[in-house]
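Structure at a glance
Now for the letters of each chain:
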Amino acid sequence: QTPANAQIVHSGAACNVNDDNISERIYTIKEGYTLVLQCIVKGHPRPQVRWTKTAGSASDKFQETSIYNETLRIEGIQRVQGGRYYCKADNGVGVAAIKSIRVDVQYLDTPVLTVHQTISDVRGSYYQEKTVFLRCTVNSNPPARFIWKRGNILIEQSKDNGVDIYEPLYTQGETKVLKLKNLRPKDFADYTCQVSVRNVCNIEDKSVTFRLTNATTPPMIRLSVNDTVVVVDPGQDVLLNCEIMAGFPAPTVTWSRYPGPLPLSAQVRGPMLFLRAVTPADAGFYNCSAVNNVGNPARKNVNLIVRTMTNLTFQITPDSNKDSETIQMGRDLKLSCHVDATPQDKVNYSWYKNSAPVFNSESLIILRSDPDMAPGTSSLEIIDMKFRDLATYSCMANFPGSRVPELRVDVNISQNGVSPPVLSVPPGGQVVSVQEGGNTELVCLVVDGKPRPPVLWSRAEKDLLMPGGRSVTETPDGRLRMRNVSRDMMGVYRCQTAPYNGLNIKRREAQVQLNVQYPPILDPVFQDLRSRNYQMVTLRCAVLRSNPPRLTDIRWFRNGEFIRIPMPDLKETPELQFKLEPRNNGSYECRVSNSIGMSTCTFNVSTKPYNAEFYFDTPNPVRIQKGNNYSYNLQWTQRDPEATDPIIGFWLIVRKNKQNVLLKQIDLRGKEPEKGVLMSHTISDLKIPLAYEVRLAPITTYCTGDYISRTIQYSEPYTYPRPSDHVCGFEDERICGFSQDRSDVFDWTRQNHLTQNPKRSANTGPETDRSGTKEGYYMYIEASRPRVQGDKARLLSPLFNVTSVRGPKGSGRVPYCVSFYYHMKGKHIGTLNVLLRVRSIASHTTVDSEVWTKSGHQGPDWKRALFDVSPSGPFQIVFEGIRGPSFEGDIAIDDVSITIGKCKQENTVASAGKTGKSFKGWEM
């Protein structure tokens, strides 16, 4: 097994891809183009790839639907989708590999030009009545360049004392102001603001023109209604006219609404907004805006309120000073009336006694707005109640002058007509049991009392909501009906008498327990179990939860047929034990039941070996053969080979166009596969450039396992170099087979003069490669953020296999000459180490030893280093760059060669540009 490794490559419509000064790749793309990023992964088993995104104005939808795929494709990318994209590759071995790339979406909107008589962010205190400011604003990425023209003539501040061009404070480059000082006759003209992003991503320039005259004025408007609040009845038509009082050029009028958009029925005719037959849903703040790009937009608002009136309720409050719950003669009594209305403060309440209007008197007091009740509540207080006060009282609520129907509620006050309620749960209703998914009702009845109030239901646990999502549910008859009951609805429910439509006294309450019954919950739901033949196998099916908890039956089945065994103990964990033989492989089920239903544990029990797992990271699997043929080195591992009978071989099938072209049994010759150890087989005589489907299955003495499949295809083989007299100048993206060390902190970066970041640190790093050409590449470490002192980056050479090379007489080792150029300019330069990494063939371990080192500032020129090494086996050369105390510490290397034989002594210092650059790339 090897941990996951990842690399992001791009295709699609990229404008440019480069590295910035913190070694992060930047993918530049034009808005509306297609983004394609591919995550190239290595690792065994094959890693799973997940794409996520952060930074920028991230799309929530993208983050919720993370893409599990090696290729990320976004059609018609928008600016809000720019940001940092992460590719995470994980195969469960070690730490997951994460790579990132920043996507920079480029765009240029049409600019907006506005004219102002004065401006808040004008520099200094200069102001004249005849001074005009033309403000040009644009949204773009990268920041746009602005050009001002009067007519067709470019305006240059240095050549015209009457103008001033500047960028206002805090506008971050998206605004330019043209200031016309003390207007002259020639200043009345056409002005053009042209914006450009210098044709990046082939984005063309855009412009806007404004004609400035002595009649130019900002807009003024007035509404056809005088009040800022308009109250209407439902069904009424509403016409709002936004009249333009002034403005040149002619202003454009728009209507909007908050919250939400304009109603679908709204008709906009120029400055007029027409709403036909309004409903309560049409209420809101309507805004009229007039814009002509002169001064600030003119705005007027009106709050449209549509009258509504619903749910008229009453309350009977006995003498609160005496803690009374009944009507008693000689004591006070209060009747209250409340309606839910819009607008609440415009409701008019009227009280009647036996249909006759009630007026304030010594014994009857009307409170238009009772301070002791909810806002908008009217009360009638009966003082020192007498027999004459026993009557039917009516409360009527209406909007004066409105067509909204009035509402009325009657309350009968008599000695026998008012009594406290009695709340009761029917016998047997304290606990209600229901099967999950079924329907039921909880019952809590008002069995006595006049008048009988509604019943309010809530959860006894205060943090839990009712099934409908509310905290309280009202039921007029005390019956709470529940549908499609789930186990999360199980618990205690509280029922209470409502404080309205009845006596306003201490609430009566009771509780009902809802018991949701469901079949047993088992573990495991499914298990794949492999074993050797004639071994004892134990299957266990654990019961995690069950309601009711008492089990009624446990049965075992093999391939659907009942297994006759003694009746198991229903209080113990279900268990089946047997000796596995070729005849009893198959699917086993444990079916566990309670009085509600049955659940199943399923076990796939087999002596089949587990599937093999292909290894996808084989270096150079393709080899050229004679006759336009190629061979492919197929590698794989066997998952848990000791779980079943010994694996004696593998079946290999090679197909082309779904037809078998090779059926072969791979004999292991008595060597059993080991867990995590690679196995190989070379498939020969494949035709260039065809691709083939390969299927592989393990074989034991008893059976054949399941086949796995993959596609192999021809690719130009890349041969790792042998030590030679030629030089690697890192000109090719494959960098001559060099690779980044996975165990370091950051990576070396391939760069040339043309790809350098223009914002890089100026006092460190090379200007060009070793030969002095701008096109030539080199490798370097970037010392800027987020790097800190001591961070290491290691670059590994290819592995050189030197076991077949013999050394000079009397020596078992062959000397090699390592030569390279280095550049270490800067006051914060750290250390450059060169390590010899020798691999042990027997133990598969590596040993590093330092063979060269240099620290600190070494001058502005490229310098050459060369030295001898005599490795004892296959080896690599490791370039280790260590970051110094601060950011002026870039280290670079170039023109690396590793040749057989000792180094020839020569001048070890060479300035860049003094000699031509050697052939770049290893000799193949």
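See above for the structure.
Figured I'd write up the structure that's included with this text. (Residues numbered from 1 in each chain as written. Predicted model: local features only at pLDDT ≥ 70, side-chain atom pairs only at ≥ 80, totals over all residues. Heavy atoms only, no water.)

1. Quick look at the side chain of glutamine 858
- Mapped onto the elements, glutamine 858 comes out in the loop between strand S66 (846–855) and strand S67 (863–869).
- For glutamine 858, a relative accessible area of 17% puts it in the buried group.
- Among the polar contacts listed, one links the side chain of glutamine 858 to the backbone oxygen of serine 855, at a separation of 2.8 Å.
- Once residues within four sequence positions are removed from consideration, glutamine 858 is found in contact with Tyr822, Met824 and Lys863. (Helix = DSSP H or I, 4+ residues; strand = E, 2+ residues; numbered from the N terminus. Buried < 20%, exposed > 50% of the residue type's maximum accessible area, 1.4 Å probe, protein only. Polar contact = N/O pair within 3.5 Å; in protein donor to acceptor, adjacent residues only side chain to side chain. Contact = heavy atoms within 4.5 Å.)

2. Let's talk about empty space enclosed by the protein
- Counted under the stated rule, the structure contains two cavities of 30 Å³ or more.
- When its volume is computed, the second largest cavity comes out at roughly 50 Å³.
- Lining the second largest cavity are Pro318, Asp319, Ser324, Thr326, Ile327, Gln328, Arg331, Asp332, Leu333 and Met385. (1 Å grid on protein atoms, 1.4 Å probe; cavity = no way out; pocket = protein on both sides within 12 Å on 5 of 7 lines; lining within 4 Å. Points joined across faces, edges and corners; volume = space filled by probe spheres on them.)

3. Some details on the nonpolar core
- Judged by nonpolar contacts, the single largest core of 34 residues is most densely connected at Phe820 and Phe879.
- Looking at this core, the elements with two or more residues in it are strand S62 (778–781), strand S63 (792–796), strand S64 (816–824), strand S65 (831–839), S67, strand S68 (875–882) and strand S69 (891–900).
- Of all the elements, S64 adds the most residues to this core, at five residues.
- Setting aside its immediate chain neighbours within four residues, phenylalanine 820 contacts Leu832, Val834, Trp852, Lys863, Arg864, Ala865, Phe867, Phe879, Ile893, Asp894, Asp895 and Val896.
- With 31 residues, the next largest nonpolar core counts Val358, Ile382, Met385 and Val409 among its residues. (Core = buried A, V, L, I, M, F, W, Y, C linked by side-chain atoms within 4.5 Å.)

4. As for the sheet that holds S69
- The strand order across the open sheet formed by five strands is S61-S62-S69-S64-S67, and the pairing between neighbours is antiparallel. Strands at the two margins of the open sheet, each flanked by one partner only, are strand S61 (749–751) and S67. Adjacent strand axes in the sheet meet at a mean angle of 35° when their direction is disregarded.
- Pairing between S62 and S69: three bridges, direction antiparallel. Looking across to S69, one finds that isoleucine 781 is bridged to isoleucine 891. (Pairing = 2+ DSSP bridges. Axes fitted to C-alpha atoms, helices over the stretch in contact; angles between N-to-C directions.)

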